[in-house]
Amino acid sequence: MAMIFMREDRQMAGSEEKRGFWGGLREGLRKTREGLVRRLDRILSGKARLDFQTIEELEELLITADMGVGTVQRLIQKVDSTLRGGSGQGPDLIRSRVKEAIVEILQPREAPLEVDRARPFVIMVIGVNGVGKTTTIAKMGWMWKREGKRVMFVAADTFRAAAIEQLVAWGDRLGIEVVRQQHGADPSAVVFDALQAAKARSLDVVIVDTAGRLHTKTNLMDELKKIQRVAGRVQEGAPHEVLLILDATTGQNALSQAKLFHQALGVTGMAMTKLDGTAKGGILVALAWELGIPIRFVGVGEQMEALQVFRAREFADVLLGDEEG
Amino acid sequence: MFDNLSEKLQALFKRLRGHGTLTEANIQEALREVRLALLEADVHYKVVKEFIESVKEKALGQEVLQSLTPGQQLLKVVHQELVRLMGEGERRLNLSGSPASLMLVGLQGSGKTTTAAKLAKWLRAQGKTVGMVPADVYRPAAIEQLEQLGRMLNVPVYKPAQGEDPVSISVKSQNWAREKGLQVLILDTAGRLHIDEPLMEELRKIKVAVAPKEVLLVVDAMTGQDAVQIAQSFNEKLQITGVILTKLDGDARGGAALSIRAVTLRPIVLVGVGEKLDALEVFYPDRMASRILGMGDVLTLIEKAQAAYDEKKALELERKLRKEEFTLEDLLEQIRQVRKMGPLEDLVKMIPGAGNIRGALDPTFGEKELKKMEAIICSMTKEERRNHTIINGSRRLRIAKGSGTTVQDVNRLLKNFLEMRKMMKKMGKMRRFAMGRGIPLWSR
């Protein structure tokens with residue numbers, strides 16, 4: 001068994017070197033970017049300033065990237081007012097202003113997750129059904145394991161069929177211990193036992209996988225609150241991170257998800273998965289603008305290294321197609 | 001942001017009262033609101049554009065019905081057009097052949113496996129013998145998940161050989177189904193990105209090998225603008241036959257439904273509305289239309305008001321109010337108009353964002369109260385109804401006995417009636433009393 005893990009690890013590490021840190025995101029966002037760039041160029045070519053038609057087209061362009069009407073309008077207002085002040089308003093300037101405006105919104109949310117400030121550092125992973133919680137957990141686990149940290153997974157999704165088996169399969173593949181009970185067990189009880197063990201053995205990072213649930217179901221939100229309380233009872237300050245996973249394919253509902261999960265649990269970080277499709281990712285700008293929650297990671301592919309620390313400028317560069325940026 | 005489109009439109013249209021027809025000028029601003037509402041609901045912008053154009057074409061020049069405001073009239077056109085675009089009656093699954101294979105395809109996390117189980121349960125309830133096939137060999141424990149669901153439902157699940165590839169699994173399961181005498185076979189394929197060429201090719205191979213009766217695209221109702229590309233790619237590669245929309249039990253407005261319909265022209269067959277395995281429903285285009293517009297059942301309300309309210313009577317009432325001729329007989333008429341529209345609580349519930357209205361209404365002022373008022377007035381003589389001043393003590397006692405109420409009830413009614421008259425007189429003077437339009441009593 002150990003042989004298998006080592007081989008997989010090597011493969012993963014090799015492919016990571018080849019692709020470079022942001023290469024994955026670039027590649028993942030290429031479709032989005034190609035569309036955006038081509039259209040942005042078309043819109044901006046020969047335009048001296050933001051006239052009505054340009055604004056309309058810019059608005060549509062950004063909306064197609066799921067940025068949301070409200071955010072887009074605010075963004076355009078912002079860009080328009082900065083342009084009015086200056087002179088020499090060529091298309092390049094307009095584009096760089098749009099990008100700067102986006103960076104300005106995203107920058108304050110750029111705050112990588114520091115897992116060294118507690119031991120064990122407990123991360124509770126939450127989100128609606130099917131956003132990629134378990135896969136993200138596997139990717140995070142692999143990342144920290146490579147850094148030499150001792151990681152534990154906790155299978156607190158005791159509801160969905162074979163959710164435990166899914167996490168266990170990842171644990172086996174990555175060589176990470178998975179604490180589990182049977183299907184239908186009380187998730188808080190699973191977390192309680194796991195944290196006791198993790199504390200006794202002084203592990204570095206504990207990642208708790210919870211069942212996906214729609215943010216509108218109050219009873220299920222209460223279950224998460226209970227898990228949170230129980231974690232805090234075993235270890236002061238736990239969970240240190242309540243990490244909300246969002247699916248990049250999701251449209252404006254991501255805002256509602258973030259708001260309601262935040263209201264119930266006090267979300268401390270967000271990660272966006274599946275940024276490797278087409279025309280997506282804009283909702284992160286809306287999220288950054290409307291909520292003060294740090295964005296920790298973006299997931300840009302199925303490979304293990306396709307989970308990357310969120311960087312505002314790189315994200316904006318890729319979104320608007322400025323590779324040099 | 002645009003949770004309450006209808007409220008916005010109402011406000012907008014208050015300024016537009018008195019127009020006889022819908023014109024470019026009086027619907028422009030409203031169309032803009034509709035456009036924003038659709039975008040907020042995640043309908044693709046190109047689809048929105050086309051939709052707005054077609055609504056405009058249909059609406060322009062339309063005569064505004066007597067009992068409606070231009071706003072309500074336009075909203076009706078918008079709603080009708082949405083319903084028309086999203087559905088053409090009920091669509092039944094093609095279950096001919098032995099077995100009839102149904103192939104579920106879609107992105108990761110859209111809910112294919114859960115939907116497979118729901119579908120199995122749903123079809124079995126219709127008397128079919130059903131089996132499920134796990135053709136997802138990529139996601140860890142995906143096969144195990146379907147097996148567990150099968151055990152829960154007592155539905156047989158094909159067991160793939162170790163390392164068997166999805167195409168082979170799909171082909172072999174056909175014989176397995178025949179041996180077991182199954183009528184329907186549900187193929188649960190692996191989630192994949194629509195731009196993942198090798199995996200899309202794998203699906204095409206499965207389709208060619210199995211010749212499924214239905215290829216159903218499973219889409220998350222929360223999907224954003226990308227729904228168009230997703231649906232287009234899957235449709236181009238696989239010629240999907242229908243769509244299943246999942247996770248509709250959340251608060252997503254579900255504009256993806258319209259986008260998908262627009263680019264594929266395939267029907268939305270079923271919707272997933274919960275985590276339980278029986279939470280699968282037939283798709284209702286009218287409900288979806290209201291949901292996308294974010295306007296509750298305001299359309300039903302408009303229609304009810306339209307049916308219940310007679311314009312001529314309303315005008316007569318307005319005249320009477322101005323001349324202070326409002327009598328108990330008129331009050332009776334009003335009560336009957338309101339009651340014709342259905343239970344009051346239901347009516348209030350139909351108004352989107354009705355929270356404040358519900359709060360403003362006296363909680364006791366419900367259906368029961370209206371019934372009581374009706375009974376009391378009915379126990380009065382014609383003369384008493386026309387001239388309330390003659391109702392003395394002994395008349396009150398008689399009316400109470402006749403209506404099965406108490407003198408206090410009669411007194412309260414008379415007091416309310418007088419207050420109402422006073423208030424109406426004031427409002428009449430301000431000429432803002434809008435009884436002649438739309439909904440009586442609540443119209444502001």
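Everything below is about the structure shown above.
The present account deals with the structure reproduced in this document. Being a predicted model, the structure only gives us computed values, none of them experimental.

1. A word on the overall build of chain A
Helix and strand counts for chain A come out as 12 helices and eight strands. Counting all 325 residues of chain A, 59% fall into the buried class. In chain A, once contacts between residues fewer than 6 apart in sequence are set aside, the share between residues at least 24 apart is 78%. Accessible area of chain A: about 12,500 Å², with a carbon and sulfur share of 49%.

2. Describing the interface of chain B and chain A
Facing 39 residues of chain B, the contacting portion of chain A comprises 47 residues. At the boundary of chain B with chain A, total buried surface from both sides reaches about 3,400 Å², with 53% on carbon and sulfur atoms. Counting the surface chain B buries against chain A, the share from its top three residues, P140(B), M222(B) and E275(B), is 18%. Summed over the shared surface of chain B and chain A, the result is two salt bridges. For the salt bridge of K217(A) with D249(B), the shortest nitrogen-to-oxygen distance reads 2.4 Å. For the side of chain B that touches chain A, the secondary-structure elements that each account for two or more residues are α2 (24-40), α3 (45-59), α6 (142-153) and α9 (227-238) of chain B.

3. Digging into empty space enclosed by the protein
Overall, the coordinates contain one cavity of 30 Å³ or more when judged by the stated rule. Estimated volume of the largest cavity: approximately 110 Å³. Taken together, 15 residues form the lining of the largest cavity, with T249(A), L107(B), S110(B), D220(B) and T223(B) sitting closest to its centre. It is strand β4 (residues 214-220) of chain B that provides the largest number of residues to the lining of the largest cavity, a total of four residues. Along the lines of polarity and charge, the residues of the lining of the largest cavity split into five nonpolar, seven polar and three charged.

4. Considerations on the pairing of strand β2 (residues 130-135) of chain B
Taken across its six residues, β2(B) has six buried, putting it largely inside the fold. A two-sided burial pattern is seen for β2(B), the buried positions comprising V130(B), M132(B) and P134(B) on one face and G131(B), V133(B) and A135(B) on the other.

5. Section: the sheet that holds strand β3 (residues 184-189) of chain B
Residue and element names in this part refer to chain B. On the basis of which strands lie adjacent, the open sheet formed by seven strands has the order β2-β3-β1-β4-β5-β6-β7 and mixed pairing. Edge positions in the open sheet fall to β2 and β7 (280-282), since each of these has one partner strand only. Mean inter-strand twist for the sheet, computed between neighbouring axes without regard to direction, equals 25°. In terms of strand pairing, strand β6 (residues 268-272) meets β7 through three bridges, oriented antiparallel. Across the sheet, V271 pairs through a bridge with E281, a residue of β7.

6. With respect to the side chain of Q166(A)
When you line up the elements, Q166(A) lands in helix α7 (residues 163-174). Only 2.8 Å separates the side chain of Q166(A) from the side chain of R160(A), close enough to count as a polar contact. Sequence-distant contacts of Q166(A), that is, excluding residues within four places in its chain, are made with T134(A), R160(A), R139(B), P140(B) and A141(B).

7. As for the sheet that holds strand β6 (residues 269-273) of chain A
All names here are of chain A. Judged by pairing direction, the sheet is mixed, and its eight strands sit side by side in the order β3-β2-β4-β1-β5-β6-β7-β8 without closing on themselves. Each end of this open sheet is capped by a strand with a single partner; those strands are β3 (177-179) and β8 (307-309). Strand-to-strand twist in this sheet, taken as the mean axis angle between neighbours without regard to direction, amounts to 25°. As defined by bridge partners, strand β2 (residues 151-156) adjoins β3 across three bridges and the pair is classed as parallel. In the sheet register, F153 faces β3, and the bridge partner there is V178. With respect to the sheet, helix α11 (residues 283-290) is in contact with β5 (241-247), β6 and β7 (295-299), its orientation differing from that of β6 by roughly 170°.

8. Some remarks on unusual backbone geometry
In this chain, A238(A) is followed by P239(A) through a cis amide linkage whose omega measures -5°. Looking at the secondary structure, you find P239(A) in the loop between α9 (218-234) and β5. Cis rather than trans, the peptide bond between S98(B) and P99(B) has omega equal to -5°. Its place among the elements puts P99(B) in the loop between α4 (70-86) and β1 (100-105). One non-glycine residue, A162(A), lies in positive phi territory at about 65°. Here A162(A) shows up in the loop between β2 and α7.

9. A closer look at the packing of α4(B) against helix α11 (residues 285-293) of chain B
Residue and element names in this part refer to chain B. Running from N to C, α4 and α11 cross one another at 125°; their axes reach a closest spacing of 8 Å. When the axis of α4 is compared with that of α11, the two are oblique. Our pair here, α4 against α11, has a crossing hand that is right-handed. Between α4 and α11, the contacting residues are V78, H79, L82, V83 and M86 on the first element and P285, D286, M288, A289, S290, I292 and L293 on the second.

10. Quick look at helix α19 (residues 393-403) of chain B
Residue and element names in this part refer to chain B. Those residues of α19 not exposed but buried are I399, A400 and S403. The buried residues of α19 occupy an angular sector of 100° when projected down its axis, which confines them to one face. Of the residues in α19, the exposed ones pointing more than 90 degrees away from the buried face are S394, K401 and G402. Where α19 terminates, the next one or two residues include G404, which has phi positive at roughly 70°.

11. Some details on the packing of aromatic side chains
Per the stated rule, a full pass over the model turns up three aromatic pairs over all chains. Between W144(A) and F297(A), the aromatic rings sit 6.4 Å apart at their centres with planes inclined by 70°, giving edge-to-face as the arrangement. With W144(A) in helix α6 (residues 133-146) and F297(A) in strand β7, the pair connects residues that are 153 residues apart, well separated along the chain. Residue W144(A) is classed as buried on the basis of its relative accessible area, which comes to 3%. Between Y158(B) and W176(B), the ring centres sit 5.6 Å apart and the planes meet at 70°, which makes this aromatic pair edge-to-face. You can see Y158(B) sitting in the loop between α6 and α7 (166-180) and its partner W176(B) sitting in helix α7, a full 18 residues away along the chain. One Lys or Arg, R173(A), reaches over the ring of W170(A) and ends 4.9 Å from the middle of that ring.

Definitions and cut-offs
Residues numbered from 1 in each chain as written. Chains lettered and ligands numbered in written order. Predicted model: local features only at pLDDT ≥ 70, side-chain atom pairs only at ≥ 80, totals over all residues. Heavy atoms only, no water. Helix = DSSP H or I, 4+ residues; strand = E, 2+ residues; numbered from the N terminus. Buried < 20%, exposed > 50% of the residue type's maximum accessible area, 1.4 Å probe, protein only. Contact = heavy atoms within 4.5 Å. Areas by Shrake-Rupley, 256 points an atom, 1.4 Å probe, with all protein chains shown as cover. Buried area = accessible area lost by both parts, 1.4 Å probe. Salt bridge = Lys/Arg side-chain N within 4 Å of Asp/Glu carboxyl O. 1 Å grid on protein atoms, 1.4 Å probe; cavity = no way out; pocket = protein on both sides within 12 Å on 5 of 7 lines; lining within 4 Å. Points joined across faces, edges and corners; volume = space filled by probe spheres on them. Nonpolar A, V, L, I, M, F, W, Y, C, P; charged D, E, K, R; others polar. Pairing = 2+ DSSP bridges. Axes fitted to C-alpha atoms, helices over the stretch in contact; angles between N-to-C directions. Polar contact = N/O pair within 3.5 Å; in protein donor to acceptor, adjacent residues only side chain to side chain. Parallel < 35°, antiparallel > 145°, perpendicular 65-115°, else oblique. Left-handed = near helix turned anticlockwise from the far one by under 90°. Arc of directions from axis to C-beta. Phe/Tyr/Trp six-rings, centres within 6.5 Å; stacked < 30°, edge-to-face > 60°. Lys NZ or Arg CZ within 6 Å of the ring centre and 35° of its normal.

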